[in-house]
Structures are given as C-alpha cells and as structure tokens.
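The primary structure of each chain is shown beneath.
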Amino acid sequence: MSHHFVITGAHGGHTQGAQAPNRREIHDFVKDEKQFSLYIQAFAAMSDVSQKDLISFFQIGGIHGLPNVEWNGSGSDKSASTEWGGYCTHGSVLFPTWHRAYMALFEQVLQHHAINVAKQYTVDADAWNLAAINLRAPYWDWASHVLPPPEVISYEKVAIITPASEGQKVFVENPIFSYRFHPIDPSFSGPTSLWVETLRHPTNPDADAKSNVKQLEQTLDSASAGIRKSLYNLMTRVNTWEAFSNHTPGDGGSATASLEGIHDGIHNDVGGFSSSGNTSYRGHMSDPAVAGFDPIFFLHHSNVDRMLSLWAAIHPTVWVDKGPANEGTWTIATTASVDETTELTPFWSSQKGYWNSTQLTQTSPLGYTYPEFNDLDMGDTDAVRLAISHKVNALYGSGAPPPTPGPEPPLSVLEWTAEVHFKKFELHQSFTVLLFLGHVPEDPAAWRTSAAFVGAVHAFVNSAAEHCANCRRNADVQVEGFVHLNDALLKHPQLRSLAPDVVVPFLQRSLAWRVYTVRGGNEVPVENLKSLEITVVAAPVTQGPGDVFPVAGTPERFPNVTRGRQGGHGSPTAAA
C-alpha cells in the first residue's frame, strides 16, 4: 500500500478571539519582526529542498502545472504532451475549494520549516517558538492595497533577525522576491527554459532578464479601482455559487465578475507580458503552467481563499453546486460533472481518501482564520453575516457608516457595465481585452497608463494549451467578465447625467477596445479574437434606509452601443 503525504493544515497556536491563528495581511505581517524573520527563513528552507522532494517548494508549486508529473500518488502516469490538464480546477465550481486545500498544504509545510528554524534561537527562545507555532501564510489584499510591500516586489535582500545574529538584523537573500530554480526543469520551454528565477514583467526573453518592478507597479496601479469595484460587487450582488466560483458564463444577473475572474486579472497583471522582435514572453504568474513557482502566488491565493470565507459568511446557505468539469484536470474527465463530494486531488485527507468540498466549509479545522472573524460567535450565522457585511462595506465600499432605519428616501443610480465574452483558448495563451473611453494610444505600452483606460477582462491560459488534449477538446470554453463604467463616465463633465439618452450616444462615440497578448507582438487585431462579444448593460442600484448593501435591479441590455463593430454585440462586421 502506498504511503501518502496527508494534508492537515498548520497545527497549534492561538489568536485572541479566534478559533485558530489568523492569517495576516502582508503589509501588517512584515512589521512583525519575529514572524517575518521566521517566514523568510522558512520560505528559504522550503525553497532550498531538492526539487525531487515531494514537499519541496518546487514540487508543491508544480502541482499547478509543469513539470506535468504525478504528485503524491494521485492519478496515473500519462503523456504530458497529449493528456495533461494539470490538477487545478480552473473554470469549474471547484475552483475556490480546490485552492483552499492547496493553500493548506503550502501552509502546513511552511509552518514545519518555521518551527525547525525557531528551535535554533537561543535568545528569547520561547517567544520565537511561540511565533513559529502561530505562523500562518500571509495574504495580499489586492483590493485594499493594490501594491504589495517592497519586501515582496522590490527588495532582493531583506533585513531579519536570524539565530546567529544575536538579536540584530542582518540582510539575507529574499526568497519571496523570486524563486531560483535548481535546476531549471527540462519541461520548461521558450524563455522560461532560460530564466534561472521567476520573473514579473520580465525585461527581455534572454537569460539575463530581470523583473521590471516599475512596470509591475504601474500595471497594478492602473487596475486598482477596477479590482476594488469588482470585488465589492462580487461580495454584495452575487448570490449563487455558479456565478461566484468561476469565470464561465452565468453571472446570475449580477453583471459582475466571479472570484476566478478577478483572480485571473491579478495573475496577468503581476506576471505581465511583452515581446521583442519575433520573440514573445511573459512573467511566470501570467502562465498557469509555471505560476505556482512565483512566491507571490501563495500571497495571492491566500487572499483568494479569504474572499471565499467572506463571501460564504454573507451567504451562509450557499456552497458548492453541481456543475460541469469544463476544462477538466488530470484526474477529472472533461465530460464529468463535479459537486461538493468530488475528490479534490491530489490532496489526501487520510491514507484512504481525499479532501472534498463538504469538508472545507470552515477554515479553523485546517488551523487558520482571518482577522475579520475575530471576536465573532461563529455559531450565530445571522450575527456573523451582519458583522462581515459591515466589514466588507468598510474595506471595499464607500467607507460610509452602515445605514440606519429612517424616513429618508432610497438613493438610486444607474450603473453601467460592459459585459465581455470570448473563447478562453482561442489565442492559445493568456491575453487581455482592454476597454477605453476616448482616444486609445497607438503604442500598446501606453494603454494601461492612458487616461482613457477603463478596465480589462483576462484569459489566464496555459502556455502549452495548443499541446494539451484537454485544451483542444475544450476549445469552445467561454470566459465571461465585466468592466464597470460609472467611475470613468463621471470623469467626463459633458455627461449631465447617467440616463440612457445621455450615456448611450456617448458610449457609441467613445467606447473602444483592444486585445493584448504575447503572440505575434503586443497587440492582436480584434478580428483575430473572433469569439469576442462586448455588450453594454445598465442596472438600477438602490440603497434605502436599513439596507446594508446596495440592491441591484434587473440589468437592461443596450446592444446598439456596440452592434456592428468587430467584437461588439452580435455578428462583428468592422474593426473596433
């Protein structure tokens, strides 16, 4: 009988007022001298383990894609060139819970290394051991702090206290700035077969490439307002698991992006993509095949999991529904249906079986919680729902205090949104559809910083998609995304209101879109993405006395805004 590594999550520890220790936001976490010092050393130790080791950073990162090998006795060996679909459940109702189990594995191994490091301190030893027991994987709240701290994206060395530094800070190599391959795996192709470390917005496709931190910061800055708005609408308007969980069509009438859709954008914005001559390239985070090797992946997915916790608290009666596998995985057929009992391979819960989604409704059994739940009675679902709703308003809403009952009439506004559909695998790799109001710069490098840029919808696609049987069999898999237009509309003083008779003519004149990818250069002609369809919708949004959240009415479609243009509503006939 095979012996499997069982995923239990982290063990022990305590946070005041919580059922288990908190995962902490990275901006707060880096200020904790002991925990940050342990985190850096634990991450380094995990990264230094032989890439052949089952629980090395390399092998854990590789669960998400390359090197296309079986992990932990899950599934059977198959030819990567024809069958591999990865273990990750993208485009499926299992997307949030599969990644919850994945993060629990990472956190379990991280804490193991932190505990071993803590045992080496002789000064203030008890405090270091306690810090290690309480250590959990931090999260990067990109909706509140779109730029990670410099300890994540800028500093190649960081100052920490080590067991040998006698209480003084010393500079060490920063393992979360990048992961250095030892060696580069032979399964990698193109520029990634040359890069000895993970890169974000790589400067070139050659072996001497570096991360372009300035470009990364500019890209994230340009996306900030859209991320926050999409996240708030996800929390407050999406009421079904299908619409919440994944980026395939089915928004439930909410006209807002799914958790996976928002997640896709963070991946592409962090990784970046560009071209030099005839060579195209992208950072590791932009490619599902290698995204798991960038240390920021786990900061990102810790926050994705936090969003699952917040949304589930606001919707306590909603959990994983039955749905199609869509893209499938190495162990789940593309034609299968999946639900809350589907095995979340390759994550063993015991020597006899895997975790499934019914076992993952709460985080405390996996050994962690989030700060928003501190001091709440988790047995009182109504009180938890109200408390988390107020915290979501404070974090991501207007910042106004919660409304109280009274005679005031409800506030109402018409909210305009661009609904975007396309086939995920049509361009055979990651790409982005960008929307603008006004003049679009000729240089694609200027698009994201242009005053006309409004927002984007992303396809997060494996670099080996054209070689993957799952991808070929699912060439028609659709992505649905949304770009909210009101903030951009209100910047135009000529618009005297948001009424249709004012907005529709303006959008007909001003709304434009472009497609950006690495294949064949930075810009791809819109006509190459034949499946692209953009439709403008508007929904009345009302907030009356006593409403915790704004209430959206039924969206009205305005197909004539984009009809007759390539990528517009209906049959495209002309370039956008």
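Residues numbered from 1 in each chain as written. Predicted model: local features only at pLDDT ≥ 70, side-chain atom pairs only at ≥ 80, totals over all residues. Heavy atoms only, no water.

Enquirer: Mind showing me how you'd approach the overall build of the protein here?
Expert: Secondary structure assignment for the protein yields 14 helices and 15 strands. Relative to the 2.2 N^0.38 estimate, which gives 25 Å for 576 residues, the radius of gyration of the protein is 23 Å and therefore close to what a compact globule would have. Taking all 576 residues of the protein together, the buried fraction comes to 59%. Across the protein, contacts joining residues at least 24 apart in sequence account for 71% of those joining residues at least 6 apart. Accessible surface for the protein amounts to roughly 22200 Å². Of this, 51% is attributable to carbon and sulfur atoms. Distance from the positive charge centre (38 side chains) to the negative charge centre (57 side chains) of the protein: 2 Å. (Helix = DSSP H or I, 4+ residues; strand = E, 2+ residues; numbered from the N terminus. Rg over C-alpha atoms; globule rule 2.2 N^0.38 Å. Buried < 20%, exposed > 50% of the residue type's maximum accessible area, 1.4 Å probe, protein only. Contact = heavy atoms within 4.5 Å. Areas by Shrake-Rupley, 256 points an atom, 1.4 Å probe, with all protein chains shown as cover. Lys, Arg positive; Asp, Glu negative; His and termini not counted. Charge placed at Lys NZ, Arg CZ, Asp CG, Glu CD.)

Enquirer: Can you help me understand the pattern of salt bridges in this one?
Expert: Two side chains of opposite charge can pair, provided their charged atoms sit close to one another. Taken as a whole and judged by the stated rule, the model has 19 salt bridges. Taking the shortest distance from any N to any O, the salt bridge between Glu-372 and Arg-306 comes out at 2.7 Å. One end of the pair, Glu-372, is in the loop between strand E6 (337–338) and helix H11 (381–396); the other, Arg-306, is in helix H10 (residues 296–314), and 66 residues separate them in sequence. Take Glu-372 and Arg-306: they sit in the same class, and that class is buried. Asp-476 is the salt-bridge partner of Lys-423, the closest N and O atoms lying 3.0 Å from each other. Placement of the pair is Lys-423 in strand E7 (residues 411–423) and Asp-476 in the loop between helix H12 (469–473) and strand E10 (478–484), with a sequence separation of 53 residues. On the accessibility criterion, Lys-423 (26% relative accessible area) is partly exposed. Exposure remark for Asp-476: the relative accessible area of 53% places this residue in the exposed category. When salt bridges with common partners are traced through the structure, they connect Arg-23, Arg-100, Glu-107 and Asp-305 into a single cluster. (Salt bridge = Lys/Arg side-chain N within 4 Å of Asp/Glu carboxyl O.)

Enquirer: Quick question: what am I supposed to make of the environment of Arg-282 here?
Expert: Note that Arg-282 resides in strand E4 (residues 279–282). The exposure class of Arg-282 is buried, given its relative accessible area of 8%. Sequence-wise, Arg-282 and Val-172 are 110 residues apart; in three dimensions their C-alpha atoms are separated by 28 Å. Within the structure, the side chain of Arg-282 is placed 3.2 Å from the backbone oxygen of Val-461, a separation counted as a polar contact. (Polar contact = N/O pair within 3.5 Å; in protein donor to acceptor, adjacent residues only side chain to side chain.)

Enquirer: Please explain the nonpolar core as it appears in this structure.
Expert: Note that soluble globular proteins tend to have their nonpolar side chains buried in a common cluster. If you look at the biggest cluster of nonpolar residues, it comprises 109 residues, and the most contacted ones within it are Tyr-39, Phe-106, Trp-140, Trp-142, Leu-231, Trp-241 and Phe-347. Top element by residues in this core is helix H4 (residues 95–118). It accounts for 13 residues. If sequence neighbours within four positions are ignored, Phe-347 has contacts with Ile-7, Ile-63, Trp-98, Ala-101, Tyr-102, Leu-105, Tyr-354 and Trp-355. Core analysis: the next-biggest nonpolar cluster, separate from the first, contains 39 residues, Ala-459, Val-461, Leu-489 and Val-526 among them. (Core = buried A, V, L, I, M, F, W, Y, C linked by side-chain atoms within 4.5 Å.)

Enquirer: Can you help me understand the environment of Ala-10 in this one?
Expert: As for its placement among the helices and strands, Ala-10 is situated in the segment before helix H1 (26–29). Look at Ala-10 and you get buried, because its relative accessible area is 5%. For Ala-10 and Ile-133, which are 123 residues apart along the polypeptide, the C-alpha to C-alpha distance reads 8.5 Å. When sequence neighbours within four positions are dropped, the list of residues in contact with Ala-10 reads Glu-107, Gln-108, Gln-111, Arg-136, Leu-366 and Gly-367.

Enquirer: Help me understand H11 in this model?
Expert: Each α-helix winds once per 3.6 residues, and so residues spaced three or four apart point in a common direction. Counted at 1.5 Å a residue, the expected span for H11 with its 16 residues is 22 Å, and the 22 Å between its end C-alpha atoms agrees. For H11, the set of buried residues is Val-384, Ala-387, Ile-388, Ser-389, Val-392, Asn-393 and Tyr-396. Looking at the packing, one finds that the buried side of H11 touches helix H7 (213–237) and H10. (Expected span 1.5 Å × (residues − 1).)

Enquirer: Looking at this structure, how should I read the confidence of the model for the protein?
Expert: Any residue range with low pLDDT should be treated as having predicted coordinates unsuitable for detailed reading. Mean pLDDT for the protein: 90, with 91% of residues reaching 70 or above. Contacts for the low-pLDDT stretch residues 399–407, under 50 throughout, to residues beyond four places or in other chains number twelve contacts. Counted against residues more than four places away or in other chains, residues 572–576, with its pLDDT under 50, gives 14 contacts. (pLDDT = per-residue confidence, 0-100.)

Enquirer: Mind showing me how you'd approach the packing of aromatic side chains here?
Expert: Any pair of aromatic rings gets described here by the distance separating the centres and the angle formed by the planes. With the rule as written, the count across this model stands at 34 aromatic pairs. On the numbers, 5.7 Å between centres and 50° between planes, the contact of Phe-188 with Phe-293 is tilted. Of this pair, Phe-188 sits in the loop between strand E2 (169–173) and H7 while Phe-293 sits in the loop between E4 and H10, placing them 105 residues apart in sequence. For the pair shown, Phe-188 and Phe-293 are each scored as buried. (Phe/Tyr/Trp six-rings, centres within 6.5 Å; stacked < 30°, edge-to-face > 60°.)

Enquirer: Help me out: how do you make sense of the sheet that holds strand E11 (residues 511–517) in this one?
Expert: Paired through their backbone hydrogen bonds, the strands of a sheet run either parallel or antiparallel. Spatial strand order, E9-E8-E11-E12: four strands in an open sheet with antiparallel pairing. Lying at the two open borders of the sheet, with one neighbouring strand each, are strand E9 (453–459) and strand E12 (523–524). Taken together, the two bridges between E11 and E12 define a ladder with antiparallel strand orientation. Across the sheet, Val-515 pairs through a bridge with Val-524, a residue of E12. Set on the sheet, helix H9 (residues 259–271) makes contact with strand E8 (431–437) and E9; between it and E9 the angle comes to about 100°. (Pairing = 2+ DSSP bridges. Axes fitted to C-alpha atoms, helices over the stretch in contact; angles between N-to-C directions.)

Enquirer: Please explain the environment of Gly-13 as it appears in this structure.
Expert: Among the secondary structure elements, Gly-13 is positioned in the segment before H1. The exposure class of Gly-13 is partly exposed, given its relative accessible area of 37%. Put simply, Gly-13 and Gln-359 are 346 residues apart on the chain and 22 Å apart in space, counted from C-alpha to C-alpha. When residues no more than four places from it in sequence are discounted, the contact partners of Gly-13 are Pro-21, Ile-133 and Asn-134.

Enquirer: Explanation requested: the pairing of E9 in the structure shown.
Expert: Consecutive side chains of a regular strand alternate in pointing toward one face of the sheet and then the other. Most of E9 is tucked away, with six of its seven residues classed as buried. In this sheet, E9 lies alongside E8 in antiparallel orientation, the contact comprising six bridges. Following the sheet pairing, Thr-432 is matched in E9 by His-458.

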